[in-house]
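Descriptive structure summary
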Amino acid sequence: MTQTTDPSAAVEQPGPARPRRVRPRRVRVHRAWFVAAVTFVTIIGAAAFRSVPGLLIDPLNQEFDWSRGTISAAVSVNLALYGLTAPFAAALMDRFGIRRVVAVALTVIALGSGLTVWMDSAWQLLLCWGLLVGLGSGSMALAFAATVTNRWFTERRGLVSGILTAASASGQLIFLPLLSWIVSRYDWRPAAVTVALAALAVVPFVWLLLHDHPADLGQKPYGAKEFVPKPAPVPGAARRAVSVLLRAVRTGPFWLLAGTFAICGASTNGLIQTHFVPAAHDHGMPITAAASLLAVIGVFDVIGTVASGWFTDRFEPRRLLAVYYALRGISLLFLPILLAPTVHPPMIFFIVFYGLDWVATVPPTLALCREQYGEDSAIVFGWVLASHQVGAAVVAFLGGVARDVFGSYDVVWYASGALCAAAALMALVIRRRPEPGPVSAPA
């Protein structure tokens, strides 16, 4: 008789039954969250260059006797290229992969920032900080976050886009106090070297840990019910970026989104980030104190942007944008009377209020792009971001010129407040894309 080896036979034998030991199930974290974490750290490391322009205006003016308008022109080129490069970078990520594009971008940022230590002419500032850092930073723009979010997540997209957007503010929080201390204690050159080293330090993390698509690991995107195969590389990145733009410009929502986001860039990167420190210094505030206030904006920017992502998953994006722009415009109208030699409670209230609203506009804007343009939304958002940076570039330049002409920044604060009011109205008139309904049978 053959002896059975079926384990069920042992259970049927007489005798006391032994209780089965149940192992607790291990909750596995989806790989998409690790990719989001690497993206977050990458944007933080690249954010060092975002902290420097406002700190360089006074030192470069004193050392080289360059006008504020000349220095602001280099910042303007940087901001414009930051936006104009973004849609092409999104298309290049579809062609060559996220990892390669981001690694090259960080290397270009390090090269441009490092070369500034040897410059002695204004055109070299335009070349290094304007052209090279602008091109590199444009490839690290919010289109990078949009691409990661679209590929790795089908749920929690608003929250994830908010978190990744907040990474830039987190980098500002980390680097602004450090770089302002270096500039005040030593010189602007060590600060530029610090930016270069910070960008290079992130490259190994990107190359080793940033995966291009869930299919590379045999996984579904987070929240997806079915496996999504990795799309084939899309040739002609530049042609695709331009063709997507040509289709988008035929639609009304694109112009409204681009217009509101241009005002967003004008009132944040172009105005506050570039000119707040020199404007506060004009009123007798030390550079380190003014830079610390910008860092505090970064703290509350993280809170505001993550909260905005949560709101975007639950509320109407157009109305969120209208509220954000209206509140920002009101706060800018009060800024001229708040600037003083010392930090006082009303100024702290402005900093907290403005920080909560700094880039809270990104998650609802990205959601509207996704709603209107589907699979092309990352590239369309890249072009919308380009308008953001063009607006920032214009105000960065005009702000410096206004300071040279009028001796103060007051007219710029008031004009930006009025523009934000216009953006609030523009957001409300964006038409929602109707959901496809059932097709009725022909009569």
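Here, the structure is the one placed above.
So, how was this worked out
Residues numbered from 1 in each chain as written. Predicted model: local features only at pLDDT ≥ 70, side-chain atom pairs only at ≥ 80, totals over all residues. Heavy atoms only, no water. Helix = DSSP H or I, 4+ residues; strand = E, 2+ residues; numbered from the N terminus. Buried < 20%, exposed > 50% of the residue type's maximum accessible area, 1.4 Å probe, protein only. Contact = heavy atoms within 4.5 Å. Areas by Shrake-Rupley, 256 points an atom, 1.4 Å probe, with all protein chains shown as cover. Phe/Tyr/Trp six-rings, centres within 6.5 Å; stacked < 30°, edge-to-face > 60°. Lys NZ or Arg CZ within 6 Å of the ring centre and 35° of its normal.

**Description of the overall build of the protein chain**
When helices and strands are tallied, the protein chain shows 19 helices and zero strands. When each of the 443 residues of the protein chain is scored for burial, the buried share is 54%. Across the protein chain, every contact between residues at least 6 apart in sequence was considered, and the portion connecting residues at least 24 apart equals 83%. When the accessible surface of the protein chain is totalled, it reaches about 20400 Å², and 66% of it is carbon and sulfur.

**Description of the packing of aromatic side chains**
In the structure shown here, the tally under the stated rule is 14 aromatic pairs. Taking the centre distance of 5.9 Å and the plane angle of 50° together, the rings of Phe261 and Phe381 count as tilted. With Phe261 in helix α12 (residues 252-267) and Phe381 in helix α18 (residues 377-406), this residue pair connects regions lying 120 residues apart in the sequence. Neither Phe261 nor Phe381 differs from the other in exposure class; each is buried. Taken together, Trp33, Phe153 and Tyr222 form an aromatic cluster joined through their ring pairs. Sitting above the plane of the Phe96 ring, Arg95 keeps its charged end 4.9 Å from the centroid. Seen from the ring of Trp207, Arg99 lies directly overhead, with NZ or CZ sitting 5.2 Å from the centre.

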